[in-house]
Amino acid sequence: MTATPKILSFKMPAEATPLGFRPRRAQTLLEVKGLRKHFTQGDTPAVAGVSFDLGEGEMLALLGPSGCGKTTTLRMIGGFETPDDGQILLRGRNITRLPPEARGIGFVFQDYALFPHLDVLANVKFGLRKLPRVAAELRAREMLALVGLSGLEERKPHELSGGQQQRVALARTLAVAPPLVLMDEPFSNLDAAMRVETRQEVRKLLKSSGSAGILVTHDQEEAMAVADRIAVMENGRVVQIGTPDEIYRNPVSAFVASFLGRSNILPGTASGMVVKTEFGNLPLSRAANGAVSLSVRPEQIMLEADPQGPASVVGREFRGHDQLYWVQEGERCMLVISGAGAAFEVGSRVRLRICDCVVPLG
Ligand code: ATP
């Protein structure tokens, strides 16, 4: 007798599509509603009405220049600063007036705030004081294994590199499985190579532990590398929030276009999907009418060698994988990125060609 072949049923995960995996909208973890903080009468408010939502397990970067209110926003969420107005809800519970220790939120400080006299294991166990001794020890060792520091349990913080200290701080924070971890410029004390490595590790660790994260940074590259979404802040307000891709491709203002990546800002006169500029008529990424400012990314411009060309190369920076040029045409200096292959010397006459849709701002 032949056995009936078993039909294996394969269930597609909810978020799978024929084109790949589409990120599923996570359940809301945190709701920040109209937060305000004014430190000094007469000065502009540090935070002037900030609102956003954060999903379970999501990584959000608060990105903006110095003094725009990132840290104050983070400190209000953590409970280290009291808002003048607004609400903070965590899984629907109003935590606006709770002290930090009653919020169940983890915090990674810029200087890691490790106890110098305690060894690595004791530092991680510190947050687990409520667990029985053996359980705390097991959990601390498990967390140290997770952050790749097994074997270094008996070292003191000063016997570790900056990146290792950062991981101890993260292990201590994640040991209590907080739904949310707040991080204020956590990589700023690391050198450039270590920063790139550590930020990817931190993202991986948060994702694998299921904790959401809010990262304060003024480094746009860091925000794009680590965050699922970025909230760009200017003068105490969130001026745009979206995925790195959305914001890079569709900045809402000249400020955002220049803060997230580099951009050339040009004037133009729009008519539907076309705009008239000093570089000719160009297609628009979305319809607009009348006088507009436009964002043209440096990689959207091609340089052509032309001895009679109207523009000349006035500066060049070789960056290995590509080159950055400053090109003067009349009164305007344009930033152009082109492949590492073609090299134009400073002084070369060239022609600029904008070879993509340009984005109308505001
Ligand atoms: P940075 O990137 O430089 O840390 P930030 O975007 O995090 O800046 P905040 O630290 O939130 O900005 O500061 C926002 C504004 O509030 C600044 O003008 C700052 O001087 C002011 N500020 C912050 N904390 C206090 C305080 N405790 N007392 C008075 N003013 C404050």
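Before going further, it helps to spend a moment on the overall build of the protein chain. Check the secondary structure of the protein chain and you find eight helices and 20 strands. By residue count, 46% of the 362 residues in the protein chain fall in the buried class. In the protein chain, of all internal contacts separated by at least 6 residues, the share reaching a separation of at least 24 is 63%. Accessible surface for the protein chain amounts to roughly 18600 Å². Of this, 53% is attributable to carbon and sulfur atoms. Side chains of the protein chain carry 42 positive and 39 negative charges; the gap between the two charge centres is 6 Å.

With that out of the way, let us pick up the packing of aromatic side chains. Ring pairs (aromatic) are described by centroid distance and by the angle formed between their planes. If you walk through the whole model with that rule in mind, you get four aromatic pairs. Seen in terms of ring centroids, Phe115 and Phe126 are 4.6 Å apart; in terms of plane orientation they differ by 55 degrees. Their pairing is tilted. You can see Phe115 sitting in the loop between β8 (106-108) and α2 (120-125) and its partner Phe126 sitting in the loop between α2 and α3 (133-146), a full eleven residues away along the chain. Aromatic side chains Phe255 and Phe259 sit 5.7 Å apart centroid to centroid with 20 degrees between the ring planes, which places their arrangement in the stacked category.

Time to look at α3. For α3, built from 14 residues, the straight-helix expectation of 20 Å at 1.5 Å per residue is met to within 8% by its first-to-last C-alpha distance of 20 Å. Next to the buried residues of α3 lie α2 and α4 (162-174). A positive phi of about 75 degrees marks Gly148, the residue just after α3.

Our next topic: the sheet that holds strand β16 (residues 311-318). Pairing in this open sheet of five strands is antiparallel, and the strands run β15-β19-β16-β17-β18 from one edge to the other. Both edges of this open sheet fall to β15 (301-305) and β18 (332-339), since each of them pairs with a single strand only. If you compare each strand with its neighbour and ignore which way they point, the axes differ by 40 degrees on average. Note: β16 against strand β19 (residues 349-354), two bridges, orientation antiparallel. Pairing of Ser312 across the sheet is with Arg349, part of β19.

Turning our eyes to something else, we now look at the site of the ligand. The full set of residues close to the ligand is Phe39, Ala46, Pro65, Ser66, Gly67, Cys68, Gly69, Lys70, Thr71 and Thr72. Interatomic distance of 2.6 Å between a side-chain N/O atom of Ser66 and an oxygen atom of the ligand. Between the ligand and the protein, one listed contact pairs an oxygen atom with a backbone N or O atom of Cys68 at 3.0 Å. For the ligand, the protein covers 56% of the area, taking 630 Å² as the surface of the free molecule.

This paragraph deals with the domain arrangement of the protein chain. Each assigned domain of the protein chain is listed here: domain 1 (28-105 + 178-249) and domain 2 (262-361). In this structure, domain 1 and domain 2 have C-alpha centres spaced 34 Å apart.

Now for the sheet that holds strand β13 (residues 264-277). On the basis of which strands lie adjacent, the open sheet formed by three strands has the order β13-β14-β20 and antiparallel pairing. In the strand order of this sheet, the two ends are held by β13 and β20 (359-360), each with one partner. Sheet topology note: the strand β14 (residues 280-296)/β20 ladder contains two bridges and is antiparallel. Across the sheet, the residue bridging to Ser295 is Val359, located in β20.

Summarising the model, the protein chain shows a mean pLDDT of 87, and 92% of its residues fall at 70 or more. Segment residues 1-23: pLDDT under 50, and nine contacts once partners within four positions in sequence are set aside and those in other chains are kept.

Let us look at the side chain of Asn264. With respect to the secondary-structure elements, Asn264 resides in strand β13. At a separation of 2.7 Å, a polar atom in the side chain of Asn264 contacts the main-chain amide nitrogen of Leu335. Residue contacts for Asn264: discarding those within four places in its chain leaves Leu294, Ser295, Val296, Arg297, Pro298, Ile301, Cys333, Met334 and Leu335.

Rules behind the numbers
Residues numbered from 1 in each chain as written. Predicted model: local features only at pLDDT ≥ 70, side-chain atom pairs only at ≥ 80, totals over all residues. Heavy atoms only, no water. Helix = DSSP H or I, 4+ residues; strand = E, 2+ residues; numbered from the N terminus. Buried < 20%, exposed > 50% of the residue type's maximum accessible area, 1.4 Å probe, protein only. Contact = heavy atoms within 4.5 Å. Areas by Shrake-Rupley, 256 points an atom, 1.4 Å probe, with all protein chains shown as cover. Lys, Arg positive; Asp, Glu negative; His and termini not counted. Charge placed at Lys NZ, Arg CZ, Asp CG, Glu CD. Phe/Tyr/Trp six-rings, centres within 6.5 Å; stacked < 30°, edge-to-face > 60°. Expected span 1.5 Å × (residues − 1). Pairing = 2+ DSSP bridges. Axes fitted to C-alpha atoms, helices over the stretch in contact; angles between N-to-C directions. Near = heavy atom within 4 Å. Polar contact = N/O pair within 3.5 Å; in protein donor to acceptor, adjacent residues only side chain to side chain. Domains from an automatic or database assignment. pLDDT = per-residue confidence, 0-100.

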